[in-house]
Amino acid sequence: MNEPFNNENKKTEQLKSFIRDNTGKPLTSNEGIKISDDENSLKAGDRGPTLLEDFLFREKLAHFDRERIPERVVHARGYGAHGIFQVYESQEELTMAHFLQDPSLKTPVFLRFSQVAGSRGANETDRDVRGFATKFYTEEGNFDLVGNNIPIFFIQDSIKFPDLIHAVKPEPDNEIPQGQTAHDTFWDFITSNQESAAMTLWIMSDRTIPRSFRMIEGFGVHTFRLVNKHGKSRFVKFHWKPLLGLHSLLWDEAQKIGGVDPDFHRRDLWENIEAGNYPEWELGIQVIEEEDEYNFTFDILDATKLWPEELVPVRKIGKMTLNRNVDNVFAETEQVALHPGNIVRGIDFTNDPLLQGRLFSYTDTQIYRVGTNFQQLPINRPVCPVHNNQRDGNARYVIDQGKVAYHNNSLANNTPYTVPGTKGGFVTYPSLVHGYKVRATAPSFDDHFSQAKLFWNSMSPVEKHHIIDAYSFELGKVNSIEIRQKLVNMLAHIDRVLATRVGENLTLQPAEVPESTVTESSPALSMMNTRYLTNTLKVGVLVDEGFAGEETREVLEMLIKNGLKPVIISVRNGMIRDDKGDQWVVNASFLTTSPVLYDGLYLVGSENADPYFINRARAFIVESYNHFKPIGSSPLGEKLLQELGIAGKPGVVTNHSANVFSKVFTEAMAKQRFWDRY
Ligand code: HDE
């Protein structure tokens, strides 16, 4: 029987017993010996040599020598946080899953965001798919939803995964480029495996250069099953919808941020959780009845296809809130082992051939990466009891008592005992399977272009423009003219205009090939149809010595009330005086920051602004303007805007009354980008 479960964050409670606070404590060896000198090794004479006998030196160095574990073969760079999940209302019609029954139950979760291609030290704003992997510590065991921020995938069968990853990783002869798809082997793989066509449109879209982890969607990608207590199964796809909306950087910004702040995304997540701005996502499900399995123009088990939301609506069934940063990134985020095969009663797999392969790969890699007993590490432990006859292995933490470690037994009254399905035991859904053993892919997986066209049709003109630029950038970095041509030809199967526009940038003509005839679009696919809020957006406030303090304070207070985060930027770090002599803290200087790190600018200036300030402010404004961002200015700053020829342009707001200005500027910030500047 399960032990009683309370409604607090049981995972946080469990982790507490493993936390060590070293502050104010004596320094000891791992064996607990108090250390009197940690700066000098034991030597024969003060000029050495060092003695082998120095057990303290040996322990310290030997441990250091083993500090690194293999990084994940994909999704190496990642960042995680703790939180909770609550269902809105019982889903018992659909599933037995315990965490989806009771709206008052808060299930602890750990979420790890990641990027696929780059190594652990890669830039966080590289163009890449983002991993969105959630571990639910449910009362009936761990359920992991190991998804991405894109609803489809490159390939249909997991046997091709090592090939895809070898193609995207740095080329092996010179190990260039890091964390990029813009190179020959990647596009060679794509053009040689046309099932990837639709996925390339997604990765060339702005979704792969997110503004923040807090502003991405998540998708389970595969088709899973939900099974209710009567044994009825339905097909399901899982979605995460961010309450802050879906927002992205521009490619030019993403590249610059890579240099200015390679930790841009983790810093944003960490700072916002520390500040109590807890990011939230709603869990959505799309459900297809078993009897409708074959009623679609695509195969619902094909992971290169999505289920258009207009055809199969997304029902929002619950909410996840991230509310606690980790205590230690290695112990938690690095050692967490997420696995799509971790399912609980009420959820089951389908025959999706991409999912089937993943079911093998994750545990296998985790045993290699973290060790045999990885499930006993604090971050991976379920919050419900674990009892079985598995024993020993490297670095075993649990001390199992008694002499019995086998089943069936009589010495321990045949315990731990098995639990029938009717009493809470996991029972696999008995789906019917038949067929010859073959190495083949079903013909229903053959259409590679219709959904690519659907995606293209759904994009706004600005999004289309970005996609054309992204393909042109990537192909421009490909050396092989044959591969460039093959991609332009592949695009012609999707859309002639797309292929022609990309071709023009490379002086290539698309081949005459049949073009997809799909005319439908899916508004849910365009990022333009998302929510627009001001919450937590950053405003760079440019001030110079002697600036109008009272007016600035009034404006900033209103902006903060509207959810914005002003950051004071000036010539020097430290402090600055306003016109009344009051001291203000400068949060960043022109040397330590860059306009690409802000969602908008407010130019305060000063009566006697110094030439260096004007020079830097001009550069900040021009760059923000070119990135389509809102720009506000005090009456003093207006002269500079006029000189730059942007006063009165869309999204450029001047302050003549603090009240009106704050309102109009806040609206501009919510809009985020003024594409009509194009
Ligand atoms: Fe993964 N993937 N993957 N993947 N994946 C890993 O597992 C693999 C796929 C995803 O934050 C690895 O523990 C295969 C699809 C995420 O720790 C590895 C295939 C999706 C993460 C692995 C896929 C994902 C991984 C590397 C072909 C979206 C990071 C380290 C079918 C639905 C999880 C590890 C974290 C990690 C294998 C395809 C998402 C090697 C064989 C599709 C978010 O096991």
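Everything numeric in this text was worked out from a predicted model, so none of it was measured.

In globular proteins that are soluble, nonpolar side chains generally tend to be buried together. The biggest cluster of nonpolar side chains holds 103 residues, and the ones touching the most others in it are Ile-152 and Leu-491. Per-domain counts for this core show at least three residues from each of domain 1 (77-151 + 208-380) and domain 2 (456-528). Those residues in contact with Leu-491 that sit more than four places away from it in its chain are Leu-498, Ala-499, Val-502 and Pro-510. Among the nonpolar cores identified, the runner-up in size contains 33 residues, and Phe-590, Leu-603, Val-652 and Met-669 belong to it.

In this section: the confidence of the model for the protein. Residues at a pLDDT of 70 or more form 99% of the protein, whose mean pLDDT is 96. Counted against residues more than four places away or in other chains, residues 1-7, with its pLDDT under 50, gives eight contacts. We note a pTM of 0.97 for the whole complex and an ipTM of 0.96 for its interfaces.

It is worth spelling out the packing of helix α3 (residues 161-168) against helix α4 (residues 184-192) at this point. With their axes 6 Å apart at the nearest point, α3 and α4 run at an angle of 145° to one another. Counting all contacts with α3, which are made through Asp-163, Leu-164, Ala-167 and Val-168, the residues of α4 involved are Thr-185, Phe-186, Asp-188 and Phe-189.

Attention shifts here to unusual backbone geometry. With an omega of -5°, the peptide bond between Ile-176 and Pro-177 qualifies as cis. Among the secondary structure elements, Pro-177 is positioned in the loop between α3 and α4. Look at the link from Thr-415 to Pro-416: it is a cis peptide, with omega at -5°. Positionally, Pro-416 belongs in the loop between α9 (353-369) and α10 (450-458). One non-glycine residue with positive phi stands out, namely Asn-414, at about 55°.

The subject of this paragraph is the site of the ligand. Close to the ligand lie 24 residues, the nearest being Arg-72, His-75, Gly-131, Ser-158 and Val-221. For the shell around the ligand, the secondary structure elements donating two or more residues are β2 (107-115), β3 (130-138), β4 (141-148) and α9. Looking at which element gives the most residues to the shell around the ligand, the answer is α9, with seven residues. Here the shell around the ligand is built from residues that sort into ten nonpolar, eleven polar and three charged.

On to the environment of Glu-175. One can find Glu-175 in the loop between α3 and α4. Expressed as a C-alpha distance, the spacing of Glu-175 and Asn-148, which sit 27 residues apart in the sequence, is 26 Å.

Let's shift gears to the domain arrangement of the protein. By a frequent convention, interface size equals the accessible area lost on bringing the separate parts together. Domain boundaries assigned for the protein yield domain 1 (77-151 + 208-380), domain 2 (456-528) and domain 3 (532-677). One C-alpha centre belongs to domain 1, the other to domain 3; they are set 37 Å apart. With twelve residues of domain 1 at the contact, the number on the domain 3 side is nine residues. Ranked by the residues each element gives to the side of domain 1 that touches domain 3, the list is headed by helix α6 (residues 251-260), at five residues. Across the side of domain 1 that touches domain 3, the residue classes break down as four nonpolar, four polar and four charged.

This paragraph deals with the UniProt feature "domain: Catalase core" (unreviewed entry) in the protein. The UniProt feature table records "domain: Catalase core" (unreviewed entry) at residues 28-415. Along residues 28-415 the backbone is 20% helical and 20% strand, and the end-to-end C-alpha distance reaches 42 Å.

This next bit is on the environment of Glu-93. Mapped onto the secondary structure, Glu-93 falls in the loop between β1 (77-87) and β2. Separated by 567 residues in the primary sequence, Glu-93 and Val-660 have C-alpha atoms spaced 51 Å apart.

On to the pairing of β2. Counting buried positions over the nine residues of β2 gives nine, a clear majority of the element. Of the two faces of β2, the one carrying Thr-107, Val-109, Leu-111, Phe-113 and Gln-115 and the one carrying Pro-108, Phe-110, Arg-112 and Ser-114 are both buried. As paired elements, β1 and β2 share nine bridges and run antiparallel to each other. Paired with Gly-80 across the strands is Arg-112, a residue of β2. Sheet topology places β2 next to β3; seven bridges connect them, and they run antiparallel. Bridge pairing in β3 links Arg-112 to Ala-133.

For helix α11 (residues 461-476), spanning 16 residues, the distance from its first C-alpha to its last is 22 Å, which sits close to the expected 22 Å at 1.5 Å a residue. Summarising the contacts, the buried residues of α11 are in contact with α4, α5 (197-204), α6, α12 (481-494) and α13 (496-505).

Turning our eyes to something else, we now look at the pairing of strand β12 (residues 565-570). Here strand β11 (residues 538-543) pairs with β12 via five bridges, running parallel. Of the residues in β12, the one forming a bridge with Lys-538 is Lys-565. Handedness of the crossover joining β11 and β12 through helix α14 (residues 549-561): right-handed. Relative to strand β15 (residues 588-589), β12 runs parallel, the two sharing two bridges.

This paragraph deals with the environment of Gln-255. As for its position among the elements, Gln-255 is in helix α6. It is 66 Å that separates the C-alpha atoms of Gln-255 and Ser-410, two residues lying 155 residues apart in sequence.

Let us now look at the sheet that holds strand β17 (residues 631-633). In space, the six strands of this open sheet follow the order β15-β12-β11-β16-β17-β18, with parallel pairing throughout. Looking along the sheet, the strands with just one partner apiece sit at the ends: β15 and β18 (652-654). Where β11 and strand β16 (residues 600-605) come together, five bridges link them in parallel fashion. Within β16, the position partnered with Val-541 by the bridge is Tyr-602. Relative to β16, helix α15 (residues 611-626) is tilted by about 155°, and along the sheet it contacts β11, β16 and β17.

Rules used in this analysis
- Residues numbered from 1 in each chain as written.
- Predicted model: local features only at pLDDT ≥ 70, side-chain atom pairs only at ≥ 80, totals over all residues.
- Core = buried A, V, L, I, M, F, W, Y, C linked by C-beta atoms within 7 Å.
- Buried ≥ 20, exposed ≤ 12 C-beta atoms within 10 Å, placed from the backbone.
- Domains from an automatic or database assignment.
- Contact = placed C-beta atoms within 7 Å.
- pLDDT = per-residue confidence, 0-100.
- Axes fitted to C-alpha atoms, helices over the stretch in contact; angles between N-to-C directions.
- Helix = DSSP H or I, 4+ residues; strand = E, 2+ residues; numbered from the N terminus.
- Near = placed C-beta within 6 Å.
- Nonpolar A, V, L, I, M, F, W, Y, C, P; charged D, E, K, R; others polar.
- UniProt positions renumbered as here; feature names shortened; annotations may be inferred.
- Pairing = 2+ DSSP bridges.
- Expected span 1.5 Å × (residues − 1).
- Right-handed = clockwise from strand over helix to strand, strands pointing away.

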